[in-house]
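Analysis of the macromolecular model
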Amino acid sequence: MNTIKHLQLPLSEAEARSLKMGEMVTVSGKVFTGRSRFHIRAIEDDILPPIDFSKINTFFHVGPVMRKVDDGWELVSIEPTSSIRFERYGADVVRKLKLRVLIGKTTMGPATTEALREVGGVYLTKIGICGNQLGEQVKNIETVYFLDELGKTEATWVFEVEKLGPFFVGIDSHGNNYFEGLSQDVEGNMPKINAELGVPEDYDYTDVNSSVGK
Amino acid sequence: MIELNTVRRAMFEAMKKAATILPPDIEKRLHEAYEEETNPLAKQHLHISFENARLAGEGKGLVCGDTGFPLFFIKAGRHSEVQGGYSQLWKAAEDATAQCTEEAFLRPTMVNPLTRANPGDNVGQGMPKVELSFDDSIEGLEIIAAPKGGGSEIFGTFYRMLFPSDGQAGIKKFVIECIKDACYAGKICPPAIVGIGIGGTADLCMKLAKEAALLRKVGEPSPDPEIAKLEQELLAASRELGIGPMGSQGINCVMGLHIETALTHTAALPVAVNAQCLVGRRWKASIDENNNYELSGEI
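Residues numbered from 1 in each chain as written. Chains lettered and ligands numbered in written order. Predicted model: local features only at pLDDT ≥ 70, side-chain atom pairs only at ≥ 80, totals over all residues.

**Observations regarding the overall build of chain B**
Scanning chain B from terminus to terminus reveals eight helices and nine strands. Out of the 299 residues in chain B, the part that is buried amounts to 58%. Restricting the contact set of chain B to residue pairs at least 6 apart, pairs at least 24 apart contribute 81%. (Helix = DSSP H or I, 4+ residues; strand = E, 2+ residues; numbered from the N terminus. Buried ≥ 20, exposed ≤ 12 C-beta atoms within 10 Å, placed from the backbone. Contact = placed C-beta atoms within 7 Å.)

**Here's the deal with the nonpolar core**
In this structure, Leu-124 of chain A together with Met-11, Met-15, Ile-143, Ala-145, Ala-192 and Val-194 of chain B are the most contacted members of the largest nonpolar core, which totals 148 residues. Counting only domains with at least three residues in this core, you end up with domain 1 (4-21 + 63-149 + 280-296) and domain 2 (151-276) of chain B. Among residues more than four places away in sequence, those in contact with Val-194 of chain B are Ile-179, Ala-213, Val-254, Leu-257, Val-273 and Ala-275 of chain B. (Core = buried A, V, L, I, M, F, W, Y, C linked by C-beta atoms within 7 Å. Domains from an automatic or database assignment.)

**Observations concerning helix α6 (residues 147-154) of chain A**
Taken together, the buried positions of α6 of chain A are Leu-150, Gly-151, Lys-152, Thr-153 and Glu-154 of chain A. At its buried positions, α6 of chain A is contacted by α2 (36-44) and β4 (65-69) of chain A.

**Here we look at the interface of chain B and chain A**
Quite often, the size of an interface is put as the accessible area lost when its parts meet. Every contact between the two is made by 51 residues of chain B and, on the other side, 43 residues of chain A. For the side of chain B that touches chain A, the secondary-structure elements that each account for two or more residues are α3 (40-57), α6 (167-183) and α8 (225-238) of chain B. With 12 residues, the single largest contributor to the side of chain B that touches chain A is α3 of chain B. Class assignment of the residues belonging to the side of chain B that touches chain A gives a composition of 22 nonpolar, 17 polar and 12 charged. (Nonpolar A, V, L, I, M, F, W, Y, C, P; charged D, E, K, R; others polar.)

**Some points on the domain arrangement of chain B**
Residues and elements named next belong to chain B. When the domains of chain B are assigned, the result is domain 1 (4-21 + 63-149 + 280-296) and domain 2 (151-276). Residue-level contacts link 10 residues of domain 1 with nine residues of domain 2. For the side of domain 1 that touches domain 2, the secondary structure elements donating two or more residues are β1 (69-78) and β3 (141-148). Residue contributions to the side of domain 1 that touches domain 2 peak at three residues, all from β3. Here the side of domain 1 that touches domain 2 is built from residues that sort into four nonpolar, three polar and three charged.

**A short note on the sheet that holds strand β2 (residues 129-139) of chain B**
Residues and elements named next belong to chain B. One open sheet holds the five strands; their spatial order is β2-β1-β3-β8-β9, and the pairing between them is mixed. Taken across any chain shown, the strands that pair with only one partner, and hence form the sheet edges, are β2 and β9 (293-296). Averaged over all pairs of adjacent strands, the angle between strand axes in this sheet comes to 20 degrees, irrespective of strand direction. Pairing geometry for β1 and β3, over eight bridges, is antiparallel. Of the residues in β3, the one forming a bridge with Leu-71 is Ala-146. (Pairing = 2+ DSSP bridges. Axes fitted to C-alpha atoms, helices over the stretch in contact; angles between N-to-C directions.)

**A closer look at the sheet that holds strand β4 (residues 157-162) of chain B**
Residue and element names in this part refer to chain B. In spatial order, the strands read β4-β7-β5-β6; together these four strands make up an open sheet with mixed pairing. Sheet topology places β4 and β6 (254-261) at the edges, where each strand pairs with a single neighbour. Going across the sheet, the axis of each strand differs from the next one's by a mean of 15 degrees, ignoring polarity. Where strand β5 (residues 192-198) and strand β7 (residues 269-276) come together, six bridges link them in antiparallel fashion. Bridging across to β7, Ile-193 finds its partner in Gln-276. Against the sheet, helix α7 (residues 202-214) makes contact with β4, β5, β6 and β7, and its axis sits at roughly 150 degrees relative to β5, the strand it touches most.

Structural data, given as structure tokens:
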């Protein structure tokens, strides 16, 4: 396996720009969490937690599993969630908060890739199902915002993490996306697969003049 | 008579096991996939997942942090009379789900679809989902608890009304394109179990797909040889896509492909796809009329 780069947060623009697609990394420092509600509210309603995003500029796409204990909270597991579904707001959030690092599952689309290129940021993709290991790498639960309004899953938590990862650089700050390249390879395999399945090259489903979903 | 307390306790324990232990058939199949993959990233996706599951089994977390939709599939056999009647099964499922959420074996993930309000305990209209059927070939109650992850349900659900003139080519094209789409960037957390329903009404078709994905031992072929052949053919095709674990470059984007069928309208050829993610969470509780119950990861 590739060697792992251990990154200290907050990441500088130069450090972010030096990362290449496919590199394995961990991050240490402070991260904040959010999901759909964070994205929608940040852009549509200008509702943001009182975080200094110049100091905490790593956005972890996740809804942690938290257990209430006597003196606060205990983290049970923290599995990164599918970032691709935030694509409608991803680019705006990256630009607005000048985010240097996104962490999540899957990837982001072309608009967010472009925003990361502009701002000088990277997208880190999780490896495997890893929420318990990542949970052990969360060293401190610093604070939580919007807990009453959004509940434990969609709230914004701020965590101090140590060597959180490993992740791989799914999108670098030069516009490269691991999965886009792979997708082209997959498309290249389709003609042979269709031929083996007996699906003609010019196959079309029966057209019943439906306009839904087109 | 099966007491409500027994049902409640069995449901809680089955859901807790499902959330914390990888089913044995899934684990075995994932290890086979690990041996077969050669791309280091594909292998590492599985290696880390094994480690995650090991920690969960030791009480240090969950099989996956997205505990998803709380589902209960219940078969009522002979001598399965439930205290207060079968409608009490829904109440027991609610109590078990709320308790699992309270104790953080389930994440509070279920929300109102429009207001997005979160009740905090995964209980409300339609959830937990209880699917009750009757089966005279078994004794007592058989309950399968399945916390179904968002990734596989959200990105791995497809339905299309094909027509008789679309033929088998239409079915195959639809299924392979669904798999390609769903596995992109690891959306459904491959290696996935792909359940396929063919026939029935739209709702029956999707139910068949879901049950094919969740309730069959992974990789077990259909008893119908023609269907088994189609399963084999589509599984083989998925392996040529070039997609492996978590959408990386590899072979095993699908670890099992199961088809279920039902009669349908002579004018119709409905096809549904529903995927289950690599952790394939489900655990079974079998309750007898004397209120003894057993838990099992075997299905």
